[in-house]
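Chains, contacts and geometry: an overview
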Amino acid sequence: FYWHCVQQHARFIERFGLKELLRAKLTECGWRDQLKAHCKDVIKEKGLEHVTVEDLVVEITPKGRVLVPDSVKKELLQRIRAFLAQHAT
């Protein structure tokens, strides 16, 4: 059930251009650069030979979530709500 919900969510995001909007907004605000720098710091701290992709994901995900500006979250939420209101019933 959970996986089905995740897949539906991903299709919704792609279908209505939210993925591209999110990508553009995160690049515009410097989020991607900040996360990239954090990855480099983690790799430098632990050593390239001691870091896996899974380690990086675990390490950067919490910071990535915190770094998303509230304005970006609000804009996406408004677009989702507008879509749902338009297509309700």
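Up top is the structure these notes are about.
This text gives an overview of the structure that appears in the document. Note that residues are indexed from 1 along each chain, following the sequence as it is written. Given that the model is predicted, a residue must reach a pLDDT of at least 70 before its local features are reported, and side-chain atom pairs must reach 80 or more before they are shown or counted; all residues, however, enter totals for whole chains, interfaces and linings. For side-chain calculations, the full set of non-hydrogen atoms in the structure is used, while hydrogens and water are omitted.

1. Looking at the packing of helix H2 (residues 18-28) against helix H5 (residues 70-86)
Quick reminder of the rule: Between N-to-C directions, angles span 0 to 180 degrees; the directions come from axes that are lines fitted to C-alpha atoms, helices contributing only their stretch in contact. Labels follow the DSSP assignment, with helices taken as runs of H or I lasting at least four residues and strands as runs of E lasting at least two, numbered in each case from the N terminus. Angle categories: roughly parallel below 35 degrees, roughly antiparallel above 145, roughly perpendicular from 65 to 115, and oblique for all the rest. Two helices crossing with the near one rotated counterclockwise from the far one by less than a right angle form a left-handed crossing, whereas a clockwise rotation gives a right-handed crossing. Throughout, a residue-residue contact means that at least one pair of heavy atoms, one from each residue, lies within 4.5 Å. Ten residues, namely Ala, Val, Leu, Ile, Met, Phe, Trp, Tyr, Cys and Pro, are considered nonpolar, four, namely Asp, Glu, Lys and Arg, are considered charged, and the remaining ones, Gly among them, are considered polar.
Remark: H2 packs on H5, axes separated minimally by 11 Å, with the N-to-C direction vectors making an angle of 165 degrees. On the basis of the axis angle, H2 is roughly antiparallel to H5. The crossing of H2 and H5 is right-handed. Of the residues in H5, those touching H2 at Leu18, Leu21, Leu22, Lys25 and Leu26 are Val72, Glu75, Leu76, Arg79 and Ile80. Looking at the contact of H2 with H5, its residues break down into seven nonpolar, no polar and three charged.

2. What about the nonpolar core?
The test is simple: In plain words, nonpolar cores are sets of buried Ala, Val, Leu, Ile, Met, Phe, Trp, Tyr and Cys residues tied together by side-chain atoms within 4.5 Å. Exposure classes here rest on a 1.4 Å probe applied to the protein chains alone. A residue is buried below 20% of its type maximum, exposed above 50%, and partly exposed in between.
Grouped together as the largest cluster of nonpolar side chains are 13 residues, with contacts concentrated most on Leu26, Trp31, Leu56, Val68, Val72 and Leu76. Excluding its chain neighbours within four sequence positions, the residues that come into contact with Leu56 are Cys39, Val42, Ile43 and Val51.

3. As for the environment of Lys19
Summarising the element assignment, Lys19 is placed in helix H2. Separated by 57 residues in the primary sequence, Lys19 and Leu76 have C-alpha atoms spaced 9.7 Å apart.

4. Here's the deal with the pattern of salt bridges
Under the convention used in this document: By salt bridge we mean one thing: a side-chain nitrogen of Lys or Arg within 4 Å of a carboxyl oxygen of Asp or Glu.
All chains considered together, the criterion is met by three salt bridges. Here Glu75 makes a salt bridge to Arg79, at a shortest N to O gap of 3.3 Å. Placement of the pair is Glu75 and Arg79 together in helix H5, with a separation of four residues, close to one helical turn. Several salt bridges converge on common partners, so that one network encompasses Lys25, Glu75 and Arg79.

5. A word on H2
Which entries qualify depends on this criterion: Regarding the arc, it is the one traced by the directions from the helix axis to the C-beta atoms.
Where H2 is concerned, the buried positions are Leu18, Leu21 and Leu26. One side of H2 holds all its buried residues, which, seen down the axis, span an arc of 125 degrees. Two residues or fewer after H2 comes Gly30, characterised by a positive phi angle close to 90 degrees.

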